[in-house]
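Overview (structure and organization)
Okay, here's what each chain looks like letter by letter:
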Amino acid sequence: MKVRTFTGGGFAENGYLVACDDTGTVVVVDPGATAGRMAEAVRSEGLDLAAVLLTHAHLDHIEGVHLIRAAFPDVPIWIHPADRRLYAALPQQAAAFGLQVPPVQPEPTDELEHGQRFTFGDCTLEVRHTPGHALGHVIFVAETGEFALVGDVVFQGSIGRTDLPGGDLYTLMRSIREQVLTLPDATVLHPGHGPATTVGAERTGNPFLVPHFGGRLA
Ligand SMILES: [Zn+2]
Ligand SMILES: [Zn+2]
């Protein structure tokens with residue numbers, strides 16, 4: 001599998017295009033402000049778009065879903081059911097930031113669940129439910145263990161904020177401990193904001209996760 005990052009917008013959100021090398025089949029993860037560029041890449045390279053996968057339904061991760069759908073009208077949209085309400089509240093989220101709402105926000109078509117194995121082409125992503133930043137947050141872990149798309153759960157040197165509706169610090173810490181830090185140290189983490197990192201780098205150097213810096217995992 002190959003992961004391509006598309007970063008942009010006021011939130012500097014990372015959208016991802018994950019390609020299953022041998023088949024030309026791809027999935028789009030968290031199409032935000034750069035969704036138009038992502039759709040253009042899929043179209044111009046003749047790739048086969050299997051799905052839109054959403055880590056969670058915050059504005060910056062879903063504001064470009066309609067652009068993917070405009071280019072690929074039949075593509076399914078997958079989300080965890082616990083974030084459906086947040087997804088439907090996109091107008092309120094946009095109002096809170098003084099932003100424009102997309103003209104038409106397509107409805108999700110399918111629901112992700114913890115432990116699900118999402119297959120596209122010959123490739124498989126494991127779905128792990130990781131609440132704490134958002135109720136229905138999930139991460140997508142390559143079956144090979146080489147990488148994980150972790151949304152706003154953990155970042156290089158930081159963790160997701162927990163002060164938004166549905167957020168809870170202890171729940172987030174449990175998600176990180178049980179669903180992220182249990183991956184091999186070499187697993188590359190692709191977060192929703194900022195640069196890629198690894199499980200090992202965050203396990204040993206992330207100030208929120210290292211007990212003697214005041215972290216709460218001890
Ligand atoms: Zn978020
Ligand atoms: Zn975000």
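Residues numbered from 1 in each chain as written. Chains lettered and ligands numbered in written order. Predicted model: local features only at pLDDT ≥ 70, side-chain atom pairs only at ≥ 80, totals over all residues. Heavy atoms only, no water.

The next thing to look at is the overall build of the protein. A tally of regular secondary structure across the protein gives seven helices and 14 strands. The C-alpha radius of gyration computed for the protein amounts to 16 Å, which stays within 12% of the reference 17 Å derived for 218 residues, consistent with globular compactness. In terms of overall dimensions, the protein has C-alpha extents of about 50 × 40 × 30 Å along its principal axes. Taking all 218 residues of the protein together, 53% fall into the buried category. Sequence separation of at least 24 residues holds for 60% of the intrachain contacts in the protein that already meet a minimum separation of 6. Surface exposure of the protein reaches about 9400 Å², of which carbon and sulfur atoms provide 53%. For the protein, the separation between the mean place of its 14 positive charges and that of its 25 negative charges on side chains is 5 Å. (Helix = DSSP H or I, 4+ residues; strand = E, 2+ residues; numbered from the N terminus. Rg over C-alpha atoms; globule rule 2.2 N^0.38 Å. Buried < 20%, exposed > 50% of the residue type's maximum accessible area, 1.4 Å probe, protein only. Contact = heavy atoms within 4.5 Å. Areas by Shrake-Rupley, 256 points an atom, 1.4 Å probe, with all protein chains shown as cover. Lys, Arg positive; Asp, Glu negative; His and termini not counted. Charge placed at Lys NZ, Arg CZ, Asp CG, Glu CD.)

A contiguous patch of negative charge, built from Asp21, Asp22, Asp122 and Glu146, is present on the exposed surface. Turning to its location among the elements, aspartate 22 is positioned in the loop between strand E2 (13-20) and strand E3 (25-29). On the basis of relative accessible area, aspartate 22 is assigned to the exposed category, the value being 72%. (Patch = residues over 30% accessible without salt bridge, like charges linked within 9 Å, V, L, I, M, F, W, Y side chains within 5 Å. Salt bridge = Lys/Arg side-chain N within 4 Å of Asp/Glu carboxyl O.)

All right, on to the sheet that holds E3 then. One open sheet accounts for six strands, arranged E1-E2-E3-E4-E5-E6; its pairing is mixed. A single partner strand is all that each edge strand has here, and the edge strands are strand E1 (2-8) and strand E6 (110-111). As judged from the two bridges shared by strand E4 (residues 48-53) and strand E5 (residues 77-79), these two strands associate in the parallel manner. Following the sheet pairing, leucine 53 is matched in E5 by tryptophan 78. (Pairing = 2+ DSSP bridges.)

The coordination sphere of the zinc ion (ligand 2), as far as protein atoms go, consists of Asp60 (OD), His61 (NE2), Asp152 (OD) and His193 (NE2), spread over 2.1 to 2.4 Å. The coordination sphere of the zinc ion (ligand 2) comprises four donor atoms, whose angles at the metal cover 85 to 155°; the geometry is irregular. Of note, the zinc ion (ligand 2) draws all its donor residues from one chain, in the sequence arrangement D-H-x90-D-x40-H. In this structure, the zinc ion (ligand 2) lies 3.5 Å away from the zinc ion (ligand 1), the two metals sharing aspartate 152 as a donor. Placement of the pair is aspartate 60 in helix H2 (residues 59-62) and aspartate 152 in the loop between strand E10 (147-151) and strand E11 (154-155), with a sequence separation of 92 residues. (Donors = N, O, S within 2.8 Å, 3.2 Å for Na, K, Ca; no water. Tetrahedral: all angles 85-135°; square planar, octahedral: opposite > 155°, others 65-115°.)

Another aspect to go through is the side chain of threonine 124. As for its placement among the helices and strands, threonine 124 is situated in strand E8 (residues 123-129). In this structure the side chain of threonine 124 is engaged in a polar contact, spanning 3.2 Å, whose partner is the side chain of threonine 119. (Polar contact = N/O pair within 3.5 Å; in protein donor to acceptor, adjacent residues only side chain to side chain.)

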